[in-house]
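Results of the structural survey
Listed below are the residues making up each chain.
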Amino acid sequence: MSTVKIGLVGAGPWAKIFHAPMITGGPEAELAAVWARRQEAAQEIVDEFGGVVAGSFEDLVESVDAIVFAVPPFIQAELAAKAAPAGKPMLLEKPLGVDLEQAEKLASTLNEANVATQVMFTNRFSPRIREFLADARKQTPIGAVGSYINQAALPGGTFATPWRIEKGGLLDLGPHVLDTLDAAVGPITQVRGEGDPQRWYILTATHENGVLSQAALSLTSPVVADVAGVKVYTEDGELECEFVGKDGDPETPHVIRREFAEVVKSGKSHEIDVNRALYIQRLLEQAKTAN
């Protein structure tokens, strides 16, 4: 199998801005089919990027080698579980589900079905952020700070979708920040949260090595551009990375596609898989309940 036939589930803004261009951006994969609850939206993606509109979700699953999800977490949890018996590898979005119960149920279902997975922690596929993480792991950390502040969920915004408006920055932005802090500083053993997830939320994490890190999250701050990244302070100095924006790191989509194609061909999950996503979602739940 030289070229992986991908089925894209979802046809919203992020599917059109990121997922479809990522899938079709190189020789490793082709967009074979698109399914969405609004067929006209699926047709728009097919018209621009190729493939066919699948008549049903079941038709899509049957006709492709692997599945890429670009839908809200509560829909992903339902559909990915439904597709699990087919055994097709999946590229999932974070968070896995709209709450921890959904996430745990989905992870259990996919693990039991031995489905190979990769999860879209976008920053972890950026070459420059991988270099930052490698440097951070070589040094002895003193502390770290992170931030993800934008205006995505303000009224009228492209990404002001119901689940983001309801759940706020913790569920949408928190996975990126906690995953990066955990990877840079060391495993997180405890995390607590303070504030209003719909406006401004602060995370304080304790790492296995005793180091503390903190992060600020907001989806509703009227900033000109995203304030997003991590700084790690070490005994040797300061290390910093800016997170990947939709236009901020052109190599990242190619890495995601190439590495997912390898997951499909090998049948083995990526290091950033459903279990990594579940670990991060458990930390988010802990933050929510440990005020």
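For the structure itself, look to the data block above.
Cut-offs used in this document
Residues numbered from 1 in each chain as written. Predicted model: local features only at pLDDT ≥ 70, side-chain atom pairs only at ≥ 80, totals over all residues. Heavy atoms only, no water. Helix = DSSP H or I, 4+ residues; strand = E, 2+ residues; numbered from the N terminus. Rg over C-alpha atoms; globule rule 2.2 N^0.38 Å. Buried < 20%, exposed > 50% of the residue type's maximum accessible area, 1.4 Å probe, protein only. Contact = heavy atoms within 4.5 Å. Pairing = 2+ DSSP bridges. Axes fitted to C-alpha atoms, helices over the stretch in contact; angles between N-to-C directions. Parallel < 35°, antiparallel > 145°, perpendicular 65-115°, else oblique. Left-handed = near helix turned anticlockwise from the far one by under 90°.

**What to know about the overall build of the chain**
- Of regular secondary structure, the chain possesses eleven helices and twelve strands.
- For 291 residues, the compact-globule formula gives about 19 Å, and the C-alpha radius of gyration of the chain, at 18 Å, lands near that figure.
- C-alpha atoms of the chain, sized along the principal axes, occupy 55 × 40 × 35 Å.
- Out of the 291 residues belonging to the chain, those deemed buried represent 54%.
- Counted over contacts in the chain with a minimum sequence separation of 6, partners at least 24 positions apart contribute 73%.

**Here we look at unusual backbone geometry**
- Cis geometry is adopted by the peptide bond preceding P95, which originates at K94 and carries an omega value of -10 degrees.
- With respect to the helices, strands and loops of the structure, P95 is situated in the loop between β5 (90–92) and α5 (100–112).
- We note that N114 has phi near 60 degrees; this positive angle belongs to a residue other than glycine.
- Here N114 is to be found in the loop between α5 and β6 (117–119).

**Notes on the sheet that holds strand β11 (residues 227–234)**
- With mixed pairing, the six strands of this open sheet are ordered in space as β8-β9-β10-β7-β11-β12. If you trace the sheet from one side to the other, it starts and ends with β8 (188–196) and β12 (237–242), each paired once. Strand after strand, the sheet turns through a mean of 15 degrees between neighbouring axes, direction not considered.
- Pairing between strand β7 (residues 141–149) and strand β10 (residues 212–218): seven bridges, direction parallel. Bridge pairing in β10 places G146 opposite A215.
- Running at roughly 155 degrees to β12, helix α6 (residues 127–137) makes contact with β11 and β12 of the sheet.
- Across the sheet, helix α9 (residues 174–185) touches β7, β8, β9 (200–207), β10, β11 and β12, and the angle it forms with β7 is around 160 degrees.

**Things to note about the environment of G143**
- By the secondary structure assignment, G143 is in strand β7.
- A C-alpha to C-alpha distance of 26 Å links G143 and A225, two positions 82 residues apart in sequence.
- Look past the residues within four positions of G143 in its chain and what remains in contact with it is V211, L212, K231, V232 and Y233.

**Details of the packing of helix α1 (residues 13–23) against helix α10 (residues 252–266)**
- At a minimum axis separation of 9 Å, α1 and α10 run at an interaxial angle of 55 degrees. Classified by the angle their axes make, α1 and α10 are oblique. Judged by the sense of rotation from one axis to the other, the crossing of α1 with α10 is right-handed. From α1, F18, M22 and I23 reach across to α10, where they touch P253, I256 and R257.

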